[in-house]
Amino acid sequence: MAANSNGRVSMANGGAGTGRNGLPKIETQKRASGICHDDSTTPIKAQTIDELHSLQKKRSAPTTPLDGVQGPFSGLSEEERSKQQLQSISASLASLTRETGPKVVKGDPAKQSDTPRAHVSHQDQFDPAVGATDSSLKFTHVLHNLSPAELYEQAIKYEKGSFITASGALATLSGAKTGRSPKDKRVVRDETTEDDLWWGKGSPNIEMDEHTFMVNRERAVDYLNSLDKVFVNDQFLNWDPENRIKVRIVSARAYHSLFMHNMCIRPKPEELENFGTPDFTIYNAGQFPCNRYTHYMTSSTSIDLNLGRREMVILGTQYAGEMKKGLFSVMHYLMPKRQILSLHSGCNMGKDGDVALFFGLSGTGKTTLSTDHNRYLIGDDEHCWGDNGVSNIEGGCYAKCIDLVREKEPDIWNAIKFGTVLENVVFDEHTREVDYSDKSVTENTRAAYPIEYIPNAKIPCVSSHPKNVILLACDAFGVLPPVSKLSLAQTMYHFISGYTALVAGTEEGIKEPQATFSACFGAAFIMMHPTKYAAMLASKMQMHGATGWLVNTGWSGGRYGSGNRIKLAYTRKIIDAIHSGSLLNVNYKKTEVFGLEIPTEVEGVPSEILEPMNTWSDKKDYKETLLKLGGLFKNNFEVFVAHKIGKDDKLTDEIIAAGPVF
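Keep in mind the model is a prediction, meaning the values are calculated, not measured.

**Student:** Tell me what's going on with helix 5 (residues 254-263), and back it up with residues and numbers.
**Tutor:** Burial analysis of helix 5 places ten of its ten residues in the buried class, the great majority of the element. Every buried residue of helix 5 is accounted for by Ala254, Tyr255, His256, Ser257, Leu258, Phe259, Met260, His261, Asn262 and Met263.

**Student:** An account of the pattern of salt bridges is needed here, citing residue identities and associated values.
**Tutor:** According to the stated counting rule, one finds 18 salt bridges in the structure shown. For arginine 217, the salt bridge is made with glutamate 311, and the minimal N-O distance between the two is 2.9 Å. With a gap of 94 residues between them, arginine 217 in helix 4 (residues 210-226) and glutamate 311 in strand 14 (residues 311-315) connect regions that are remote in the sequence. Like arginine 217, the residue glutamate 311 is buried in the burial classification.

**Student:** Explain helix 2 (residues 78-92) to me, using residue names and the numbers behind them.
**Tutor:** For helix 2, built from 15 residues, the straight-helix expectation of 21 Å at 1.5 Å per residue is met to within 8% by its first-to-last C-alpha distance of 21 Å. Within helix 2 the residues assigned to the buried category are Arg81, Ser82, Gln85, Leu86, Ser88, Ile89, Ser90 and Ser92.

**Student:** Before we move on, could you go through the environment of isoleucine 451 and cite the residues and values that matter?
**Tutor:** With respect to the element layout, isoleucine 451 can be found in the loop between strand 25 (446-450) and strand 26 (462-463). C-alpha of isoleucine 451 to C-alpha of asparagine 262: the two residues are 189 residues apart in sequence and 8.0 Å apart in space. With residues near it in sequence (within four places) discarded, isoleucine 451 still touches Arg266, Ile378, Gly379, Asn392, Gly395, Gly396, Cys397, Ala457, Ile459 and Cys461.

**Student:** Run through the sheet that holds strand 15 (residues 341-344), naming residues and quoting values.
**Tutor:** If you trace the four strands from one edge of the open sheet to the other, you get 15-19-20-26, paired in antiparallel fashion. Each edge of the open sheet is held by one strand with a lone partner, namely strand 15 and strand 26. Here strand 15 runs beside strand 19 (residues 382-386); their pairing, made up of four bridges, is antiparallel. Among the inter-strand pairings, leucine 343 is bridged to a residue of strand 19, identified as histidine 383.

**Student:** Describe unusual backbone geometry, naming the residues involved and giving the relevant values.
**Tutor:** The step from isoleucine 459 to proline 460 runs through a cis peptide bond, and the omega angle for that step is -5°. Within the element layout of this structure, proline 460 appears in the loop between strand 25 and strand 26. Phi is positive for aspartate 403, close to 60°, though the residue is something other than glycine. Note on placement: aspartate 403 falls in the loop between strand 21 (396-400) and helix 9 (410-415). Given a relative accessible area of 46%, aspartate 403 falls into the partly exposed group.

**Student:** Lay out the nonpolar core in plain terms, naming residues and giving numbers.
**Tutor:** Within the largest apolar cluster, 125 residues are counted, with the highest numbers of intra-cluster contacts made by Ile416, Leu422 and Phe495. The biggest single contributor to this core is helix 7 (residues 321-337), with eight residues. In terms of nonpolar packing, the next biggest core, distinct from the first, is built from 23 residues, Val142, Phe213, Val221 and Val313 among them.

**Student:** So what about the side chain of histidine 529? Which residues, and what values?
**Tutor:** The residue histidine 529 is located in the loop between strand 30 (511-517) and helix 11 (530-544) in this model. On the basis of relative accessibility, which here comes to 7%, the residue histidine 529 falls in the buried class.

**Student:** Please provide a residue-by-residue account of a nonpolar patch on the surface, values included.
**Tutor:** Together, Ile49, Leu52 and Leu55 make up an exposed nonpolar region whose accessible area comes to about 270 Å². Among the secondary structure elements, leucine 52 is positioned in helix 1 (residues 49-56).

**Student:** So what about the packing of aromatic side chains? Which residues, and what values?
**Tutor:** Throughout the structure, instances matching the rule amount to 20 aromatic pairs. Plain terms: the ring middles of phenylalanine 236 and phenylalanine 275 are 5.7 Å apart, the flat faces sit at 40° to each other, and that makes the pair tilted. Separated by 39 residues along the polypeptide, phenylalanine 236 in strand 10 (residues 229-237) and phenylalanine 275 in the loop between helix 6 (269-273) and strand 12 (280-285) bring together distant segments of the chain. A relative accessible area of 2% means that phenylalanine 275 is categorised as buried. Taken together, a centroid distance of 5.0 Å and an interplanar angle of 50° make the contact between tyrosine 499 and phenylalanine 633 tilted. Taken together, the residues tyrosine 499 in strand 29 (residues 499-505) and phenylalanine 633 in helix 14 (residues 619-641) connect sequence positions 134 residues apart. In terms of burial, tyrosine 499 and phenylalanine 633 fall into one category: buried. Its guanidinium or amino end placed over the ring of tyrosine 158, lysine 229 lies 3.5 Å from that ring's centre, counting from NZ or CZ. The ring of phenylalanine 236 carries arginine 244 above its face, with NZ or CZ at 3.7 Å from the centroid.

**Student:** Describe the sheet that holds strand 25, naming the residues involved and giving the relevant values.
**Tutor:** Pairing within the open sheet is mixed, and its five strands lie in the order 6-7-22-25-21. Every interior strand has two partners, whereas the edge strands, strand 6 (163-164) and strand 21, have only one. Taken together, the three bridges between strand 22 (residues 421-423) and strand 25 define a ladder with antiparallel strand orientation. When the bridges of strand 25 are listed, glutamate 423 appears paired with arginine 446. The strands touched by helix 5 within the sheet are strand 7 (170-172), strand 21, strand 22 and strand 25, with strand 22 carrying the most contacts at an inclination of about 120°.

**Student:** Tell me about the state of the cysteines, and please be specific about residues and values.
**Tutor:** This structure, assessed with the given rule, holds zero disulfides. Of the cysteine sulfurs around cysteine 347, a residue in no disulfide, the closest is that of cysteine 461, at 9.8 Å. Residue classification places cysteine 347 among the buried positions, given a relative accessible area of 0%.

**Student:** Account for the packing of helix 3 (residues 148-158) against helix 5, with residues named and values stated.
**Tutor:** Relative to each other, helix 3 and helix 5 sit at 155°, their axes nearing to 9 Å. Considering the angle they form, helix 3 stands roughly antiparallel to helix 5. The two elements helix 3 and helix 5 meet at a crossing, and its hand is left-handed. Contacts between helix 3 and helix 5 involve Pro148, Leu151, Tyr152, Gln154 and Ala155 from the first element and Ala254, Ser257, Leu258 and His261 from the second. Class assignment of the residues belonging to the contact of helix 3 with helix 5 gives a composition of six nonpolar, three polar and no charged.

**Student:** Give a description of the pairing of strand 20 (residues 389-392) that names residues and reports values.
**Tutor:** For strand 19 and strand 20, the ladder comprises four bridges, and the chain directions are antiparallel. Bridging from a neighbouring strand, cysteine 384 pairs with serine 391 of strand 20. The hairpin formed by strand 19 and strand 20 contains two residues between the paired strands. Here strand 20 runs beside strand 26; their pairing, made up of two bridges, is antiparallel. Bridging from a neighbouring strand, valine 390 pairs with serine 463 of strand 26.

**Student:** Tell me about the confidence of the model for the protein, and name the residues and values.
**Tutor:** In this model, the protein carries an average pLDDT of 88, and 84% of its residues clear a pLDDT of 70 or more. Every residue in residues 114-122 scores below 50 in pLDDT, and together they form eight contacts with partners more than four places removed in sequence or on other chains. Here residues 505-510 scores under 50 on pLDDT; set against residues more than four positions off or in separate chains, the count is three contacts.

**Student:** An account of the environment of cysteine 401 is requested, with residue identities and associated values reported.
**Tutor:** Note that cysteine 401 resides in the loop between strand 21 and helix 9. When its relative accessible area of 0% is taken as the criterion, cysteine 401 is described as buried. With 46 residues separating them in the primary sequence, cysteine 401 and alanine 447 have C-alpha atoms 6.5 Å apart. Apart from the residues within four sequence positions on either side, cysteine 401 is in contact with Ile416, Leu422, Tyr436, Thr445, Arg446 and Ala447.

Calculation criteria
- Residues numbered from 1 in each chain as written.
- Predicted model: local features only at pLDDT ≥ 70, side-chain atom pairs only at ≥ 80, totals over all residues.
- Heavy atoms only, no water.
- Buried < 20%, exposed > 50% of the residue type's maximum accessible area, 1.4 Å probe, protein only.
- Helix = DSSP H or I, 4+ residues; strand = E, 2+ residues; numbered from the N terminus.
- Salt bridge = Lys/Arg side-chain N within 4 Å of Asp/Glu carboxyl O.
- Expected span 1.5 Å × (residues − 1).
- Contact = heavy atoms within 4.5 Å.
- Pairing = 2+ DSSP bridges.
- Core = buried A, V, L, I, M, F, W, Y, C linked by side-chain atoms within 4.5 Å.
- Patch = residues over 30% accessible without salt bridge, like charges linked within 9 Å, V, L, I, M, F, W, Y side chains within 5 Å.
- Areas by Shrake-Rupley, 256 points an atom, 1.4 Å probe, with all protein chains shown as cover.
- Phe/Tyr/Trp six-rings, centres within 6.5 Å; stacked < 30°, edge-to-face > 60°.
- Lys NZ or Arg CZ within 6 Å of the ring centre and 35° of its normal.
- Axes fitted to C-alpha atoms, helices over the stretch in contact; angles between N-to-C directions.
- Disulfide = S-S within 2.5 Å.
- Parallel < 35°, antiparallel > 145°, perpendicular 65-115°, else oblique.
- Left-handed = near helix turned anticlockwise from the far one by under 90°.
- Nonpolar A, V, L, I, M, F, W, Y, C, P; charged D, E, K, R; others polar.
- pLDDT = per-residue confidence, 0-100.

Written as structure tokens, this is what we have:
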């Protein structure tokens, strides 16, 4: 190999050009200048390392065509839209005693060379006229709708306990609270809510007054304004475009911002630029406690809803699920006002467009049965049923991770990747592989990810009206049939009851079933009386010809300890028969006590297990257990009996009559 005229290397031929092991020898010749250049690529334009870093990132397109988009910011220049957006955020952060918001500026304070001054573009800051206070002398940096990649950087750099796991998900810690604090949740009782909301015995709504809310709001806002930076998410709830709600979440942690980025519906760039004033605002100051000497406070934690002001304040808990479920409670108030039914349910749709709703408490198989690879997923947890059909409230899924196994839950396993938030999981310190069986931090480990991470999710998450409404119960007493067809009154009764039975160990080691009732299968989140939602459900089912079903995924042949769990394969066959409509074309017979209509045959399911009494060897024990469960249902329903639906007691009487009779 010979060198060419440009001084490049060339392969020499012949013995003199042979190197070791018979390989061609490489020869080089210098240019006249004495310098050998690597000129295989074009030289970079940067002259310094800082200049090189500045070339690494290009600015996002500042505007998106807004043709046809109407709203408060339409028709404005980019600079004016940005200024009004900052004004809106400043107004959200306003202390009501000072009657103005803080100085806000876009961007990470760590990337600012100095404090913004007058020369900074109005596009990047908003400086309200304020009196001289400490808070008025500083700028609050706003990190507005950051991308997952940006939020990863913020979390890893500034939040202890944040790590990238082997799958690419962001592992975070929620602090001392690893679950919701329902006893610390308060709702303002005022003229807005006095007559609309469910108050008193059995209600999840613990009251507070307007003044106490404002004290906590001031505390939260002052805390957020004291920080160098806050995260602001402007997003939507409800995939039905006619009834979507604009929400703003102001928080102090990247973890919270990424969580809500995943769980709410993510706006398109043009929707974000024209977002305007939110319909509801969350102030998450969870790292800062409430004042326990404040009226109505029972701990250092408080989650406060003010439906009149359309605001929510979080103090003393960093558990992100409080935001998700707080907004769900809000939807349980706002949607029924529009004659739209809000539901704590899963929803899927067949290839032919048939839709099914799944209700069920923890352990009933709601997630497993509503996740069907032969059907499209509309959503896994929160839905609205309106005039246009069913729509998912959320833009993501919040899945339990404890004992997660790829083979059993492949969709959830595969969704845990870059962009997903993993809460309170334990992982190997070197490989960062997550051990989903480890409960060292909590048993309530969770993954929050965008719904698009599920392969068969239908985007947008909307469907036609449901054909079937499936109520799931894991009956550990073993007396409910594997499947029953319900009348409208029975559907309302069992929907209001929200029954399942858990197996709990006593100190002596004896395990007994424990009946659990949660009104509307989500008592912690409903705002109005359960009969309000039940009446709306029955009305919509009647209007659209939907059938109600009660499916027992629990025990057969005896209670827990003596009987056996109904095989998942049989339950799937039952669900398949409901979807196909074949269960509507078989013979039925009525059971004792509960008066349930049970089919005499289901394809692929042994006929003898369809009638629970057939599977019990001790018939006397069966009847005693059946009466015991019927009594538990009656006792639970006592709290609802006095509530009238409509102008008379007719519908209330119908619902009560649909319960157990003995």
